[in-house]
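Each chain is listed here by its residues.
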There are 2 protein chains.
Amino acid sequence: MTTPAKILLVDDELDILEFLSYNLKKEGYEVHTATNGTEAIEVAKKVIPNLVILDVMMPDMDGIETCRQIRALPGLKDMMVAFLTARNEDYSQIAGFEVGADDYINKPIKPRVLSSRIKALLRRGSNTEVAEENEDLGGIKIDRERFVILKDGKEISLPKKEFELIELLASKPGKVFTRDIILDKVWGGDVVVGDRTIDVHVRKLREKLGDNYIKTVKGIGYKFEF
Amino acid sequence: MTTPAKILLVDDELDILEFLSYNLKKEGYEVHTATNGTEAIEVAKKVIPNLVILDVMMPDMDGIETCRQIRALPGLKDMMVAFLTARNEDYSQIAGFEVGADDYINKPIKPRVLSSRIKALLRRGSNTEVAEENEDLGGIKIDRERFVILKDGKEISLPKKEFELIELLASKPGKVFTRDIILDKVWGGDVVVGDRTIDVHVRKLREKLGDNYIKTVKGIGYKFEF
DNA sequence: ATTATAATTAACAAAGTATTACCGGGGAGT
DNA sequence: ACTCCCCGGTAATACTTTGTTAATTATAAT
């Protein structure tokens, strides 16, 4: 770590703002905050953040519009942008990607998830050179931005759950994810679903991606390998 | 599997304490309890729990403050902390995370939910440790994360029991593990299996790893050597 | 040689996973 | 508002792998 990354948080709900702010500071980031679009633009001009986290739903000026305006500022074209959205807001419905969102983060926010997402974002952001090439995982690329998998250049679009599942598994190729962990991360710790639900989703993924990527580790769980 | 995780429960309501305690013990955890902050700190000093579950609302000293004090104790910085909160007590969440809460559990508590949350927490806690490079044991490496053995760079995947067995033996190379101990650690103290079960598993391991690693000590047990 | 302990093998039981079919809810399009 | 269709999930069943047992053979120690 050289100089801490600067993050601008924008949300009209003070609770959330504080909560996120605290957690990010703990991770060593330099955190700035704003409670509305106008204020956000002011702050952005001054601090030139590496990453802006914007609530989509805000009074006055919504996150999308705010984003558009911030991006128009000099020197801020290359900054990373993440939107906060309520759970279950279908990604495709959101106009955010049109203004160049780099990630979506669902509320309610789990600190651990947040932290890793942000790290990933900042890493991506610092790759100023290449227009952000997604990692190639044995002929497969995960395009979070478009919510699509690329297999040998061919697009395969996945439903949400399947996407989240492959995303998790591929996040650390080779690592075995226990059923517990998968349930926890993809379905959420307190949702109780049947034992075979994961299997079925794995099945559907294998149908679409081919049988060579997701391996079962009997008695333990699954892992992504190539 | 190895040694049971230690959990410290703190709540002023005896009903809840008993209820949780019962459920957690059933899951195989070592459970300690306290009914107030001061007592909690005493117990924490002694047992050095892996996880503390704290009621936020308590007379005398509330959960947050208790947590702060416990964390200040030597050797307890890295422990996991979960707070029990009444439904929708949003405000306390913020304060809680400031003292390093790792999770919130809402009352009323459903045992099933509790169980999975706790598993996740303890897992997270142990993951927090150092990224622990795998030791090379005479051409063999045990990769717990991927759940495979690496022999001369080549991956050998093992079934659960075989993996646990080699893991145990290799945990202290050279040391002889008696059949009793092996049964206890791998199969669990209360499971009754036949005399030859261990032999068969050793056999299978030797088939896969070669005959040069596991040595028999007649009349005593087995040891891992290289 | 005799006895006790261990290794091997094959057959069986149990656990775990894959597959298929199906159902209900919610959104998209009409 | 009414379909229709897709997604996410369940249930039942078939299938595979793993774990255990028991019977048999081999080995070492006295």
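Summarised in this report is the structure supplied together with it. (Residues numbered from 1 in each chain as written. Chains lettered and ligands numbered in written order. Predicted model: local features only at pLDDT ≥ 70, side-chain atom pairs only at ≥ 80, totals over all residues. Heavy atoms only, no water.)

## Thoughts on the sheet that holds strand β6 (residues 140-143) of chain A
Residues and elements named next belong to chain A.
And then number 1: Here three strands make up an open sheet; going across it, the order is β6-β7-β8 and the pairing antiparallel. Looking at the sheet topology across the chains shown, the edges are occupied by β6 and β8 (154-157). If you compare each strand with its neighbour and ignore which way they point, the axes differ by 25 degrees on average.
And then number 2: With four bridges connecting them, strand β7 (residues 148-151) and β8 associate as antiparallel partners. The residue bridging I149 from the neighbouring strand is I156, located in β8.
And then number 3: Against the sheet, helix α5 (residues 160-171) makes contact with β6 and β7, and its axis sits at roughly 120 degrees relative to β6, the strand it touches most. (Pairing = 2+ DSSP bridges. Helix = DSSP H or I, 4+ residues; strand = E, 2+ residues; numbered from the N terminus. Axes fitted to C-alpha atoms, helices over the stretch in contact; angles between N-to-C directions. Contact = heavy atoms within 4.5 Å.)

## What to know about the protein's contact with DNA strand C
And then number 1: Not every one of the 24 residues close to DNA strand C is listed here, only the nearest: R206 of chain A together with R203, T216, G219 and Y222 of chain B.
And then number 2: Restricting the count to atoms of DNA strand C within 4 Å of the protein gives a sugar and phosphate share of 83%.
And then number 3: Between DNA strand C and R206 of chain A there is a distance of 2.5 Å, counted from a phosphate oxygen to a side-chain nitrogen or oxygen.
And then number 4: Secondary-structure elements contributing two or more residues to the surface near DNA strand C are α7 (197-209) and β10 (214-217) of chain A together with α8 (197-209) and β10 (214-217) of chain B.
And then number 5: Taken together, the residues of the surface near DNA strand C sort by class into seven nonpolar, five polar and twelve charged. (Near = heavy atom within 4 Å. Polar contact = N/O pair within 3.5 Å; in protein donor to acceptor, adjacent residues only side chain to side chain. Nonpolar A, V, L, I, M, F, W, Y, C, P; charged D, E, K, R; others polar.)

## Thoughts on helix α2 (residues 37-47) of chain A
Residues and elements named next belong to chain A.
And then number 1: Those residues of α2 lying buried are G37, A40, I41, V43, A44 and V47.
And then number 2: Capping the start of α2, N36 holds a side-chain oxygen 3.1 Å from the backbone nitrogen of T38, two or three residues further along.
And then number 3: Directly beyond the C-terminal end of α2, a positive phi value near 45 degrees is found at I48. (Buried < 20%, exposed > 50% of the residue type's maximum accessible area, 1.4 Å probe, protein only.)

## Focus: the protein's contact with DNA strand D
And then number 1: The immediate surroundings of DNA strand D are formed by 22 residues, with P159, W187 and T197 of chain A together with W187 and G194 of chain B found nearest.
And then number 2: Sugar plus phosphate: this is where 72% of the atoms of DNA strand D within 4 Å of the protein reside.
And then number 3: At a separation of 3.3 Å, a base nitrogen of DNA strand D approaches a polar side-chain atom of K204 of chain A.
And then number 4: The separation between a phosphate oxygen of DNA strand D and a polar side-chain atom of T197 of chain B is 3.2 Å.
And then number 5: Listing elements by their share of the surface near DNA strand D, those giving two or more residues are α5 and α7 of chain A together with α6 (160-171) and α8 of chain B.
And then number 6: In terms of residue class, the surface near DNA strand D is built from eight nonpolar, six polar and eight charged.

## Description of the pattern of salt bridges
And then number 1: Evaluated as defined, the whole model comprises 16 salt bridges over all chains.
And then number 2: The shortest N-O distance in the salt bridge between E225 of chain B and K223 of chain B comes to 3.5 Å.
And then number 3: Using a relative accessible area of 19% as the deciding quantity, one classes K223 of chain B as buried.
And then number 4: Overlapping salt bridges, with partners in common, bring together R179, R196 and D199 of chain A in one network. (Salt bridge = Lys/Arg side-chain N within 4 Å of Asp/Glu carboxyl O.)

## Details of the packing of helix α7 (residues 179-187) of chain B against α8 of chain B
How two helices pack is summed up by the angle between their axes together with the distance between the axes.
All names here are of chain B.
And then number 1: α8 packs onto α7 with a crossing angle of 75 degrees between their chain directions and a minimal axis gap of 11 Å. Relative to α8, α7 is oriented roughly perpendicular. Each of R179, I182, L183 and W187 in α7 lies in contact with α8, whose residues at this interface are T197, I198, D199 and H201.
And then number 2: Class assignment for the residues of the contact of α7 with α8 results in four nonpolar, two polar and two charged. (Parallel < 35°, antiparallel > 145°, perpendicular 65-115°, else oblique.)

## Looking at the sheet that holds β10 of chain B
Residues and elements named next belong to chain B.
And then number 1: Overall, antiparallel pairing links the three strands, which are arranged β9-β11-β10 in an open sheet. Both outer strands of the open sheet, β9 (176-178) and β10, are each paired with one neighbouring strand and no more. Pairwise comparison of adjacent strand axes, ignoring direction, gives a mean angle of 30 degrees for this sheet.
And then number 2: Packed onto the sheet, α6 meets β9, β10 and β11 (221-224) and runs at close to 75 degrees relative to β11.
And then number 3: Lying on the sheet, α8 is in contact with β10 and β11; it crosses β10 at an angle near 150 degrees.

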